[in-house]
Amino acid sequence: LRDARTWDEVLARSGIDYGRLVISSKCPDQELAGRIKAVRSACKAGVEKKLKNFTDESATVLSDMAQTAQAVRGVAALVKRFEADFARAKRSRRVLDFSDLEHRMLDLVIGRSRSGPTAVAYEIGSRFREIMVDEYQDSNAVQDAIFNALTGKKTNCFMVGDVKHSIYQFRLADPSIFLEKYASYADAADAKNGEGRKVLLSANFRSGGAVLKSVNDVFELCMTPAVGGLYYGPEEALREGIPHEPLGEPEVELWAVDVQQDTYEEEAAFVADRIVALLDGTHYVRQGDQLRPIKADDIAILLRSPGSVGGHFIAALEGRGIACTSGGGEDLLQTEEIAALRALLQTISNPRQDIPLIAALASPVFGFTADDLAAFRAGRRQVSVYDALLESELPKAKDFLRILAVLRREARMQTLARLIEKIFLLTRMDSIYGAMPGGALRRENLQTFYALAASYESTARHDLEQFLEHLQAMEEKGLIAAGEQTAAGSVTLMSIHKSKGLEFPVVFVCGLARRFNTESARGQVLCDQQLGLGLSVVDARNRLRYPTVAKRAIAAKILADGLSEELRVLYVALTRARDRLIMTYASDSLQKDLTEEVARMDLSRPELMTMDVSCSGQWV
């Protein structure tokens with residue numbers, strides 16, 4: 001395979017006979033024998049994974065791609081037409097969105113033909129002695145073009161950033177802009193007059209030496225230009241800016257947790273127990289030059305996606321008498337009180353949706369127990385839950401149906417805001433959740449949701465169904481974030497993205513065994529700034545659809561870019577810790593995971609291993 005120079009040569013040589021590896025049961029070192037088998041299996045799996053791309057001869061592959069040419073042109077034409085129609089609609093309303101403002105700025109400073117700095121750019125740029133850009137690693141091409149245009153005649157652009165903190169790919173941040181300057185600029189001591197130069201700031205004044213050493217240990221092995229964007233060498237390694245008082249016990253922990261069924265629930269229970277132990281008064285963090293016992297509000301739990309699993313951690317902590325707040329990391333729609341209100345709105349819209357109806361009934365607002373639900377459902381399993389409820393003699397059921405009838409009538413006649421006001425009036429939902437733990441925050445969340453509904457219908461008359469569809473779209477994009485939710489005496493739970501720029505004395509980085517999200521590489525149409533569009537071929541005769549080589553190539557690039565970003569996300573998470581860093585990797589196949597990782601380790605070529613991972617725990 002190494003000698004193959006063309007697609008068809010690879011295809012011709014892909015039928016590899018690996019032979020058989022036989023190790024005698026009399027081998028004196030069976031542990032070594034097992035590792036040899038594991039290494040061989042890993043190598044075979046890696047080769048076979050690569051060869052899956054070579055499915056047909058090159059002529060067939062190119063013919064498949066040619067079949068999508070008309071569709072690609074159609075998609076491009078549709079986007080251009082939409083852009084023109086959308087621009088026309090905005091002009092008719094005399095509005096601009098943020099992207100419009102950026103591109104109008106480009107028109108001013110580099111011209112509509114994008115040929116270079118204009119007289120306007122020089123005039124505007126002359127007003128500033130210096131232009132300073134923070135978080136430069138999160139710039140995109142439009143922003144960078146503006147910076148360059150305004151500093152075109154003199155070297156007065158001062159940029160600060162760390163590409164290892166570039167974790168906003170979904171906002172179109174392009175870390176390659178930073179990396180190009182990082183690679184081309186000379187060190188400050190060697191740069192000539194008027195030449196771009198770089199100053200490396202490796203001193204870290206936040207974290208203790210043990211935390212920094214652990215971060216360096218991980219990223220010196222795992223970060224390369226292929227994964228992460230650059231080599232993590234001596235210049236990039238973090239060093240302690242000021243000496244820290246030793247804590248007298250390990251400051252960094254990695255727990256490999258063997259779980260049985262519900263990974264997150266069991267991991268959350270383990271973390272909660274570890275926190276209980278840390279709060280017993282015999283474990284310390286630094287305060288100036290002194291040590292003091294750890295308090296609950298010293299501790300943060302960082303998760304990649306707390307909206308889906310954070311509830312397990314909150315429940316585990318509260319079950320042990322420890323308050324936990326989300327620190328702005330939990331989506332508003334994922335909170336208990338808003339989930340109940342949304343379920344009730346869905347039921348008002350259509351009561352024959354079983355899941356929202358049951359969620360509303362079982363909420364603290366209506367208080368149906370499992371026995372209550374079973375009582376009116378038993379014997380009526382062939383009809384919807386709503387129809388079974390209509391036939392129920394339970395007093396709770398009659399009360400609920402009476403309130404529902406009033407609210408359904410209000411939904412047809414009143415605005416969204418008035419409907420929610422009526423819900424609060426009839427159910428006392430705001431008072432019920434206000435009396436629960438964290439009541440002030442729960443009431444604030446309900447008021448935030450009310451304001452969201454009022455804002456939504458302020459632009460035009462919208463009905464309940466349109467609002468529910470709007471919520472669904474916003475939930476999928478993760479656009480609704482609850483307000484600041486930290487509180488004294490509480491452990492903070494938040495997403496890694498939300499934690500960027502913050503620090504905590506004690507940081508738990510959990511969910512290291514969670515598999516990376518690869519949905520972005522599975523769309524019907526894939527797009528890349530350099531590679532273009534990738535579509536699937538439709539075989540109408542056999543009723544099949546399969547990806548072209550272009551789509552597979554774009555998918556591979558999306559996954560590679562995503563992998564680099566995941567490594568940078570891990571870097572952000574580990575560097576939030578000031579005094580203690582505690583990591584958890586929970587798996588129901590722990591022994592297998594560890595055996596495979598040890599077998600795959602080849603530290604002479606770490607990039608081969610670090611590119612082939614499915615979760616951040618494998619890097620650690």
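Look above for the structure.
Cut-offs used in this document
Residues numbered from 1 in each chain as written. Predicted model: local features only at pLDDT ≥ 70, side-chain atom pairs only at ≥ 80, totals over all residues. Heavy atoms only, no water. Pairing = 2+ DSSP bridges. Helix = DSSP H or I, 4+ residues; strand = E, 2+ residues; numbered from the N terminus. Contact = heavy atoms within 4.5 Å. Axes fitted to C-alpha atoms, helices over the stretch in contact; angles between N-to-C directions. Buried < 20%, exposed > 50% of the residue type's maximum accessible area, 1.4 Å probe, protein only. 1 Å grid on protein atoms, 1.4 Å probe; cavity = no way out; pocket = protein on both sides within 12 Å on 5 of 7 lines; lining within 4 Å. Points joined across faces, edges and corners; volume = space filled by probe spheres on them. Nonpolar A, V, L, I, M, F, W, Y, C, P; charged D, E, K, R; others polar. Patch = residues over 30% accessible without salt bridge, like charges linked within 9 Å, V, L, I, M, F, W, Y side chains within 5 Å. Areas by Shrake-Rupley, 256 points an atom, 1.4 Å probe, with all protein chains shown as cover. Salt bridge = Lys/Arg side-chain N within 4 Å of Asp/Glu carboxyl O. Parallel < 35°, antiparallel > 145°, perpendicular 65-115°, else oblique. Left-handed = near helix turned anticlockwise from the far one by under 90°.

Draft legend 1. Highlighting the sheet that holds strand E10 (residues 299-303). In spatial order, the strands read E7-E18-E13-E10-E12-E11; together these 6 strands make up an open sheet with parallel pairing. Both edges of this open sheet fall to strand E7 (252-258) and strand E11 (324-325), since each of them pairs with a single strand only. Pairing between E10 and strand E12 (residues 491-495): 4 bridges, direction parallel. Paired with Ile301 across the strands is Leu493, a residue of E12. Packed onto the sheet, helix H10 (residues 263-278) meets E7, E10, E12, strand E13 (504-509) and strand E18 (577-587) and runs at close to 145° relative to E18.

Draft legend 2. The arrangement of the side chain of Arg442 in detail. With respect to the element layout, Arg442 can be found in helix H19 (residues 439-456). The exposure class of Arg442 is buried, given its relative accessible area of 13%. Dropping the residues within four chain positions of it, Arg442 is found in contact with Glu336, Glu337, Tyr433, Met436 and Pro437.

Draft legend 3. Quick peek at empty space enclosed by the protein. Enumeration according to the criterion identifies 1 cavity of 30 Å³ or more in this entry. Of the voids in this model, the largest cavity is the one considered here, and its volume is about 40 Å³. Residue lining of the largest cavity: Tyr264, Leu303, Arg304, Ser305, Val309, Cys510, Gly511 and Arg514, and that is the complete set. For the lining of the largest cavity, the residue count by class is 4 nonpolar, 2 polar and 2 charged.

Draft legend 4. Highlighting a nonpolar patch on the surface. Where nonpolar side chains cluster on the molecular surface, the patch consists of Leu21, Leu32 and Ile36 and spans about 240 Å² of accessible area. The class of Ile36 is partly exposed, set by a relative accessible area of 41%.

Draft legend 5. Fine view of the pairing of strand E16 (residues 536-539). Here E16 runs beside strand E17 (residues 544-547); their pairing, made up of 4 bridges, is antiparallel. Paired with Ser536 across the two strands is Pro547, which belongs to E17. The turn joining E16 and E17, which pair antiparallel and follow one another in sequence, is formed by 4 residues; a positive phi near 55° is taken by Arg543.

Draft legend 6. Region of interest: the pattern of salt bridges. Evaluation of the coordinates by the stated rule reveals 32 salt bridges. Here Glu249 ties to Arg580 by a salt bridge, and the two come within 2.2 Å at their closest N and O atoms. Pair noted here: Glu249 is in the loop between strand E6 (239-240) and E7 and Arg580 is in strand E18, with a separation of 331 residues, a long-range link. Judged by relative accessible area, which is 25%, Glu249 ranks as partly exposed. For Arg580, a relative accessible area of 1% gives the class buried. With its nearest N and O atoms 2.7 Å apart, the salt bridge here joins Asp372 to Lys396.

Draft legend 7. Fine view of the packing of helix H12 (residues 336-349) against H19. Running from N to C, H12 and H19 point in directions that differ by 40°, and their axes come no closer than 9 Å. With respect to each other, H12 and H19 are oriented oblique. At the point where H12 passes H19, the crossing takes the right-handed sense. Residues Glu336, Glu337, Ile338, Leu341 and Leu345 of H12 form the contact with H19, whose own contacting residues are Arg442, Asn445, Leu446 and Phe449. Split into classes, the residues belonging to the contact of H12 with H19 amount to 5 nonpolar, 1 polar and 3 charged.

Draft legend 8. Geometry of unusual backbone geometry. Residues other than glycine seldom take positive phi values, yet Glu135 does so here, at roughly 50°. Along the chain, the position of Glu135 falls in the loop between strand E1 (131-133) and helix H7 (141-150). The backbone of Arg428 sits at a positive phi, close to 55°, despite the residue not being glycine. Examined against the element boundaries, Arg428 turns out to sit in the loop between helix H17 (416-427) and helix H18 (429-434). Since its relative accessible area comes to 42%, Arg428 is described here as partly exposed.

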